[in-house]
Amino acid sequence: MFFVGYLAVFMFGYLNGRPPLRHFDNELMNLPVRWDAGWYLDIATGGYRYTPDDPKAQQNVVFFPAYPMLIRTGGRLLGGKILAYVIAGTLISLAAFWGALSYLYAFTRDVLGEDRARSALWLLASYPFAVFFGAIYTESLFLLGVVATFHHFTKQQFGRAACWGGLVGLTRLNGALLAIPLVTLALSGFLPARLVHGRNGVPDWNPTTSFRGATLAKALAAAFMPPLGLLLYAAFIWGTTGNPIAWATGHTAWGRTYEGLGTLFTNEVTQVVASGLSGTIAYDVVNAAGALFALAAVWPVWRRIGLAYGLFMLLNLIPALSVGGFLSAGRFSSVLFPVFVWLAMVVPPAHRIGWIASFAAFQACNAALYYTWRPMF
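Residues numbered from 1 in each chain as written. Predicted model: local features only at pLDDT ≥ 70, side-chain atom pairs only at ≥ 80, totals over all residues. Heavy atoms only, no water.

Asker: Let's hear about the packing of helix α6 (residues 114–126) against helix α19 (residues 349–371): which residues, and what values?
Answerer: The N-to-C vectors of α6 and α19 enclose an angle of 20 degrees; their axes lie 8 Å apart at closest approach. The angle between the axes of α6 and α19 places the two elements in the roughly parallel class. Regarding α6 and α19, the two cross each other, and that crossing is left-handed. For the pair α6 and α19, the contacting residues are Asp115, Arg116, Ser119, Trp122, Leu123, Ala125 and Ser126 in the first and Arg352, Trp355, Ile356, Phe359, Ala360 and Gln363 in the second. (Axes fitted to C-alpha atoms, helices over the stretch in contact; angles between N-to-C directions. Helix = DSSP H or I, 4+ residues; strand = E, 2+ residues; numbered from the N terminus. Parallel < 35°, antiparallel > 145°, perpendicular 65-115°, else oblique. Left-handed = near helix turned anticlockwise from the far one by under 90°. Contact = heavy atoms within 4.5 Å.)

Asker: For a nonpolar patch on the surface, give the residues involved together with the corresponding values.
Answerer: Taken together, the side chains of Phe2, Met29, Leu78, Ile82, Leu83, Ile87, Leu91 and Leu94 make up a nonpolar region of the molecular surface, amounting to roughly 620 Å² of accessible area. Per element, the largest residue contribution to the nonpolar patch is five residues, and it comes from helix α5 (residues 82–112). Structurally, Ile82 can be placed in helix α5. (Patch = residues over 30% accessible without salt bridge, like charges linked within 9 Å, V, L, I, M, F, W, Y side chains within 5 Å. Areas by Shrake-Rupley, 256 points an atom, 1.4 Å probe, with all protein chains shown as cover. Salt bridge = Lys/Arg side-chain N within 4 Å of Asp/Glu carboxyl O.)

Asker: I'd like a description of the environment of Leu170, backed by residues and values.
Answerer: Counting through the fold element by element, Leu170 comes out in the loop between α8 (158–169) and α9 (179–186). In this structure, the C-alpha to C-alpha distance between Leu170 and Phe3, residues 167 residues apart in sequence, is 32 Å. Excluding residues within four positions of it along the chain, Leu170 makes contact with Phe64, Pro65, Ala66, Gly229 and Tyr233.

Asker: Help me get a handle on the nonpolar core, residues and values and all.
Answerer: Counting 100 residues, the largest nonpolar core has Ile71, Leu143, Phe150, Phe153, Tyr309 and Phe337 as its most contacted members. Excluding its chain neighbours within four sequence positions, the residues that come into contact with Phe150 are Phe107, Leu178, Pro181, Leu182, Leu185, Tyr309, Phe312 and Phe337. Counting residues in each nonpolar core, the second largest holds five residues, with Ala288, Ala291, Leu321 and Phe326 among its members. (Core = buried A, V, L, I, M, F, W, Y, C linked by side-chain atoms within 4.5 Å. Buried < 20%, exposed > 50% of the residue type's maximum accessible area, 1.4 Å probe, protein only.)

Asker: Tell me about the packing of aromatic side chains, residues and numbers included.
Answerer: Under the criterion given, the structure shown has 32 aromatic pairs. Taking the centre distance of 5.8 Å and the plane angle of 85 degrees together, the rings of Phe158 and Phe211 count as edge-to-face. Of this pair, Phe158 sits in helix α8 while Phe211 sits in the loop between α10 (193–197) and α11 (213–223), placing them 53 residues apart in sequence. By relative accessible area, Phe158 is classed as buried at 8%. For Phe211, a relative accessible area of 5% translates into the label buried. An aromatic cluster is present here, built from Tyr127, Phe129, Phe293, Phe340, Trp355 and Phe359 joined pairwise through their rings. (Phe/Tyr/Trp six-rings, centres within 6.5 Å; stacked < 30°, edge-to-face > 60°.)

Okay, here's the thing in C-alpha cells:
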C-alpha cells in the first residue's frame, strides 16, 4: 500500500496541486506525513499545547498520549531528528499491527482452527480501510490493545488484561467504552444465556459459569482499567490547561458536534439528491460503506460470537456517527475485529480468495486517496 500511494502521488497528483504539510522535499520520505500524522508528530516532538483564548482553533490535546509518547521514545532512540520520528511512528504502527495479528490468531485458533484463524487475519489485513494500520495513526495500537485485552480476559488472565485495557484507555477517546463489553463478559454468568451467548456464542469467548468472589473482583477491576486510562489523561490535561475535558470539547473544531443519527442520514440523503456524488459527499459514501458494512455485521456477530462483541462494535460506531457523521467512519470500522472473526466463520473456503482480492483492490483505491491528500481519512 505504501507503493500504491507512492505511485499515486506521481500518477494522480495531490488534491489542489500540493500537499498541505511537508517535512521533506523527497516524496518517499514525506509519504507517511499525511493528515493526523502531523498532529502525532507534533506532540511527539513538541509536547501538548493549548490555546484557551481561541475555542475554534484545533488543539492537539484531543489526541490521547499513548501513541505519540511511543513515537517520542522511538524517535529519540533513532537520533532525535524529524526523520527519526517519522520512521519511529511508521515502525511502531507496523509492529503494533503485527502484534494485533498475532493476538487475533491466538484468539481464534483454538476455537476455529488454524485454517479459519489464518482466514481472519487475511480478511482483516486486506480490508479496504486497513491502509491505516501502516499509517502514523492509532489504529494499529488500538487494535492491538483491544484484541489483547479480550484474549487475556477470556483466558482469565486479568492482570495482563488490565495492563492492555489501560493502554486502550490511553490510546483513544472511545477506548474507555471497552469497559462495557468487558463487564458484560464478567457478569455473563448472571445474565440469561440466550442473551449473552446468542444462538451459538462460543463458550471459549463467553464465560458459561459465573465469576464469583475474588475472581469476579479481579475481572471487574480489569474491566474498569480503560476508563482509568482516560481519567489519568483527563487529570494530566486538567493540570496542563485548567480544563479537565479540553480533550473532549476540542473536537468541535474538527466539526464533531452531536447531531444524532437521524440528522446524519437526512443530511446525507439531501446532499446526494441535490448534487449527486460530487465534492466531499463522494468521500462520505466511501466511509459510509465501511460503517454500514460493520453495522450490518453487529447482529450476526452477536448471534455467532456473543453479546459483548456486538456491544464492542456498536460502542465504537454509534457515538462516532452521532457526533461526526461519516467522517473517518471507515477508519473506525477497521478495528472491529469481531467482524473478521465472523467472516472467517461463514465465508466458504472456496470464496475466501474472492473476498480477500476484492478487499485488497478497494484498499489500494483508498491508499491512492489517502496518500494524495484526498479527504477520506
